[in-house]
Amino acid sequence: MKDGFRQRMAWLHTWAGLVAGWLLFAMFVTGTLAVFRPEINQWMRPDQAVTRVSEGEAIDAADRYLRQHAADAARWFIRLPNPRDGVLEMYWATRDGEWHDALLDPGTLRPSVQRATLGGEFFYRFHFELQMPYPWGRWLASFAAMVMLVVLVSGIVTHRRFFKDFFTFRPRKAAQRAWLDAHNALGVLALPFHLVITLSGVITLMALTMPAALDARYGADSDAFYRERGGEPPVLPRSGVDRPLPSLRPLAEAARRHWPDSAIGTIVVGAPGDANARVTVLQADNAQLRIRGAAVVFDGATGRLLDVMNAPRAAALTHDVLYGLHTARFAGGGLRWLYFLCGVLGSLMIASGLVLWAIKRRQRETKASRPTFGTRLVEVLNVAAVAGLPLAIAAFFWSNRLLPVGLADRAQVEVWCFFGAWALSGVHAACARPRTVWLVQLRLGAAAFALLPLLSALTTRQNLFQAIMRGQGVEAGFELAALAFAAMLAWSAHKLRPARAPTAIATRIEPAPRTLREEAP
Amino acid sequence: MIQLAVLFSSYAAFTALCLGMDGHHREVFGRAPAPGRKRLLRGAGWALLLASLLLAIAIGAQGVVAWAVMLTLSTVLLVLLLAYWPRRVAPLGWLGLACAGLALVASVWS
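This one's a predicted model, so the numbers in the text were calculated from it and none came from an experiment. (Residues numbered from 1 in each chain as written. Chains lettered and ligands numbered in written order. Predicted model: local features only at pLDDT ≥ 70, side-chain atom pairs only at ≥ 80, totals over all residues.)

K.L.:
Explain the overall build of chain B to me, please; I cannot follow it from the model alone.
P.N.:
Within chain B one finds 5 helices and 0 strands. When the helices and strands of chain B are read in sequence order from the N terminus, they spell out α-α-α-α-α. The C-alpha radius of gyration computed for chain B amounts to 14 Å, which stays within 12% of the reference 13 Å derived for 110 residues, consistent with globular compactness. Dimensions of chain B, computed from the C-alpha atoms along their principal axes, are close to 40 × 30 × 20 Å. Looking at chain B as a whole, 43% of its 110 residues qualify as buried. Relative to all contacts within chain B whose residues are 6 or more apart in sequence, the contacts with residues 24 or more apart total 75%. (Helix = DSSP H or I, 4+ residues; strand = E, 2+ residues; numbered from the N terminus. Rg over C-alpha atoms; globule rule 2.2 N^0.38 Å. Buried ≥ 20, exposed ≤ 12 C-beta atoms within 10 Å, placed from the backbone. Contact = placed C-beta atoms within 7 Å.)

Listed below in structure tokens is the structure:
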């Protein structure tokens, strides 16, 4: 009975892992990059001019700009500059529901960038929307995350031997053994991270995927739920009676007294200039684990304090903390790098699982001269997913430096370059000789990342050497990380190089030892 | 500084726990540990792990999150060390313990 259970879990782990693996790999990699979203933004906008101003000055600047350009909007969102991102970001919705945005230098109120790019925003969005229209991408991402939970739990059962041989990794053993060790080690050692990140990932989209309770209680009026739950800035419909909006800075300073030790993150103004105006001042999201900090609501006609939202109830708090753990906005520099590292481990765990599937299958088929269609398909998709994605990311960064600044739809063309490179990698994987595709694509990826600092030095006014000498941490960190990533890809290519016999992977396979057969599903 | 104490003490803890296992002790020292030594290593490992958790709790909520992720970092370092440089495991474990102590003293001092 016990064996039967483990076999079934192994079957589940193998197949669920395979089916969702390619997508999960892309989600893990882009999510890992999204940890450094503002930093990637900064690298991708090398001509960005930002004046550092105080919080009060930034609020005044936004206040001035919006009164001038969006006086009769339905609502304003003001995202204040912070130490990681000095840009003043504003969105506003007109009364017909049309959205506008402005990325400005808070000192001069001029656009902060000439080079249109989505920057790190692209990875952040792709991570949970998969470049699909709403809500399909979010649905698919949620589904993949749920499968990931299943794969993790069934994987714990399948690979439970690792808990007995904790710390075991034997890279010099036969390929399958080494891959299995690596897969186990990557999975188990970072298991706390994998479990928390996957569960919290499912939680972030739970209102979309598990709406039954909300529907039953609140029906069509989902806003009522968010009002009751608290933390959402209130926006009332316009009354039609004009009342001048008081200056925002004194309101922000009054709100700030509720959290003297941290900054203001966002200011939301509903119905500005109307008798029903509401001004909500929200605490910065890096001040606490939970995604939402404190918020203070003012009457936007009289300036009277209406509400202080700072004590979510247990269920809301649990949700907000899980959400916060997922996005890691609370994390300082060191912890952010640790998150990044764990994300890399998770990506490698998925990649090694996919490769392991193909190795095992190939091994079983060695007697037949040609692989079956299914095995071949998996191999092609493995290459396209695991080696192709780094190529696509490299193409995205290269296009950022190579496309002319004035190009129409420039930000979108960068995205096309990303998907174009990815598609080419798939075509190459399907058409080229199997023994060399891994090698070619990994080496190409290594070269693309290794040359990125050089490309950047040739096309912009900054270079890696200068960045290091001047202590520009973001620029230097980005390009050093690119070099490290190039080294990792080159090392993987080196490990996978074909020795003398027909296929890259099959050559290094020796007969499986007994213990392994017991473990194989 | 206290963050470093958490990292180093968790690293030292895992080194002790790892060497408290017959197989890994054999890889590093060429023989299985005597029963007393094994008990000592395991006890020290769990005690250090508990100590690193207490230090993390002293930092606050962020500290506990960082602790969980540092456990992963420590074990990954240890696994690579065991695979490629098994002779360095024991000395670096002692070094980790010493650094944890120094970091703790430095953080109390300042």
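K.L.:
How do you make sense of the overall build of chain A when you look at a structure like this?
P.N.:
Summing up its helical and strand segments, chain A has 21 helices and 7 strands in all. Here chain A has a C-alpha radius of gyration of 26 Å; the compact-globule value for 521 residues is 24 Å, and the two agree. For chain A, the spread of C-alpha atoms along the three principal axes comes to 85 × 60 × 40 Å. Looking at chain A as a whole, 41% of its 521 residues qualify as buried. The long-range share in chain A, meaning contacts at least 24 apart out of those at least 6 apart in sequence, stands at 71%.

K.L.:
What is the right way to look at the UniProt feature "transmembrane region" (unreviewed entry) in chain B in this model?
P.N.:
Residues and elements named next belong to chain B. Sequence positions flagged by UniProt for "transmembrane region" (unreviewed entry) are, in local numbering, residues 44-61, 66-85 and 91-109. Split by type, residues 44-61 is 94% helix and 0% strand. Its first and last C-alpha atoms lie 26 Å apart. Here residues 91-109 is 100% helix and 0% strand, with 27 Å between the C-alpha atoms at its ends. (UniProt positions renumbered as here; feature names shortened; annotations may be inferred.)

K.L.:
Explain helix H1 (residues 2-19) of chain B here, please?
P.N.:
Between its terminal C-alpha atoms H1 of chain B stretches 26 Å, which fits the 26 Å expected from 18 residues at 1.5 Å a residue. Counted residue by residue, H1 of chain B has 16 buried out of 18 residues, so it is predominantly covered. (Expected span 1.5 Å × (residues − 1).)

K.L.:
What's the story with the domain arrangement of chain A in this structure? I'm lost.
P.N.:
Accessible area lost when the parts come together is the quantity often used to give the size of an interface. Residue and element names in this part refer to chain A. Assigned domains of chain A: these are domain 1 (2-46 + 122-204 + 328-519) and domain 2 (51-112 + 231-311). Summarising the inter-unit geometry, the C-alpha centres of domain 1 and domain 2 are found 39 Å apart. Between domain 1 and domain 2, the residue contacts involve 4 residues of the former and 6 residues of the latter. Looking at side-chain class alone, the side of domain 1 that touches domain 2 contains 2 nonpolar, 1 polar and 1 charged residues. (Domains from an automatic or database assignment. Nonpolar A, V, L, I, M, F, W, Y, C, P; charged D, E, K, R; others polar.)

K.L.:
What exactly am I supposed to notice about the UniProt feature "transmembrane region" (unreviewed entry) in chain A here?
P.N.:
Residues and elements named next belong to chain A. Look at the UniProt record and you will see "transmembrane region" (unreviewed entry) annotated at residues 12-36, 139-163, 184-208, 337-359, 380-399, 411-430, 437-456 and 476-493. Between the end C-alpha atoms of residues 411-430 there is a gap of 29 Å, over a span that is 100% helix and 0% strand. The span residues 437-456 shows a helical share of 95% and a strand share of 0%, and its end C-alpha atoms are spaced 28 Å apart.

K.L.:
Sorry if this is basic, but what is going on with the confidence of the model for chain B here?
P.N.:
Close reading of the predicted structure is inappropriate where its pLDDT is low. Residue and element names in this part refer to chain B. In this model, chain B carries an average pLDDT of 92, and 100% of its residues clear a pLDDT of 70 or more. Mean pLDDT in chain B bottoms out at helix H2 (residues 22-29), which sits at 90, and peaks at helix H3 (residues 35-59), which reaches 95. As scored by the predictor, the complex reaches a pTM of 0.90 and an ipTM of 0.92. (pLDDT = per-residue confidence, 0-100.)

K.L.:
Would you mind showing me how to read the interface of chain A and chain B here?
P.N.:
Chain A puts 21 residues into the contact, and the matching count from chain B is 21 residues. For the side of chain A that touches chain B, the secondary structure elements donating two or more residues are helix H7 (175-189), helix H8 (191-204) and helix H14 (333-364) of chain A. Top contributing element to the side of chain A that touches chain B by residue count: H14 of chain A, with 7 residues. Broken down by class, the residue content of the side of chain A that touches chain B amounts to 18 nonpolar, 1 polar and 2 charged.

K.L.:
Would you explain the environment of Thr 32 of chain A in this entry?
P.N.:
Residues and elements named next belong to chain A. Take Thr 32: it is sitting in helix H1 (residues 2-34). C-beta crowding within 10 Å serves as the criterion here: with 21 such atoms nearby, Thr 32 is assigned to the buried category. Between the alpha carbons of Thr 32 and Val 344 there is a distance of 6.9 Å; along the sequence they are 312 residues apart. In this view, Thr 32 contacts Phe 340, Gly 343, Val 344 and Ser 347; residues no more than four positions away in its chain are not counted.

K.L.:
Can you walk me through the packing of H3 of chain B against helix H4 (residues 61-84) of chain B in this structure?
P.N.:
All names here are of chain B. Between H3 and H4, whose axes approach to 5 Å, the crossing angle comes to 145°. In this structure, the crossing between H3 and H4 has a hand that is right-handed. Contacts from Ser 52, Leu 53, Ala 56, Ile 57, Ala 58 and Ile 59 of H3 reach H4 at Gln 62, Gly 63, Val 64, Ala 66 and Trp 67. Looking at side-chain class alone, the contact of H3 with H4 contains 8 nonpolar, 3 polar and no charged residues. (Axes fitted to C-alpha atoms, helices over the stretch in contact; angles between N-to-C directions. Left-handed = near helix turned anticlockwise from the far one by under 90°.)

K.L.:
Explanation requested: the nonpolar core in the structure shown.
P.N.:
One recurring pattern in soluble globular proteins: nonpolar side chains tend to sit buried together. Core analysis: the biggest nonpolar cluster contains 128 residues, and Phe 25, Leu 389, Ala 392, Ala 395 and Phe 449 of chain A together with Val 69 and Met 70 of chain B have the highest contact counts within it. Sorting elements by how many residues they give to this core places helix H15 (residues 373-402) of chain A first, with 16 residues. (Core = buried A, V, L, I, M, F, W, Y, C linked by C-beta atoms within 7 Å.)

K.L.:
When you look at the confidence of the model for chain A in this model, what are you seeing that I'm missing?
P.N.:
Across chain A, the average pLDDT comes to 88, with 94% of residues at 70 or higher. In this model, residues 500-521 of chain A is a region of pLDDT below 50 whose contacts with residues beyond four sequence positions or in other chains number 36 contacts.

K.L.:
Help me understand unusual backbone geometry, please; the structure alone is not making it clear to me.
P.N.:
Peptide bonds are trans in most cases, and residues, glycine excluded, mostly fall at negative phi. Residue and element names in this part refer to chain A. In the segment running from Tyr 134 into Pro 135, the intervening peptide bond is cis, with an omega of -5°. Inspection of the secondary structure assignment puts Pro 135 in the loop between helix H4 (120-129) and helix H5 (136-158). Look at Phe 167: it is not a glycine, yet its phi comes out positive at around 75°. Take Phe 167: there are 25 C-beta atoms within 10 Å of it, and that puts it in the buried class.

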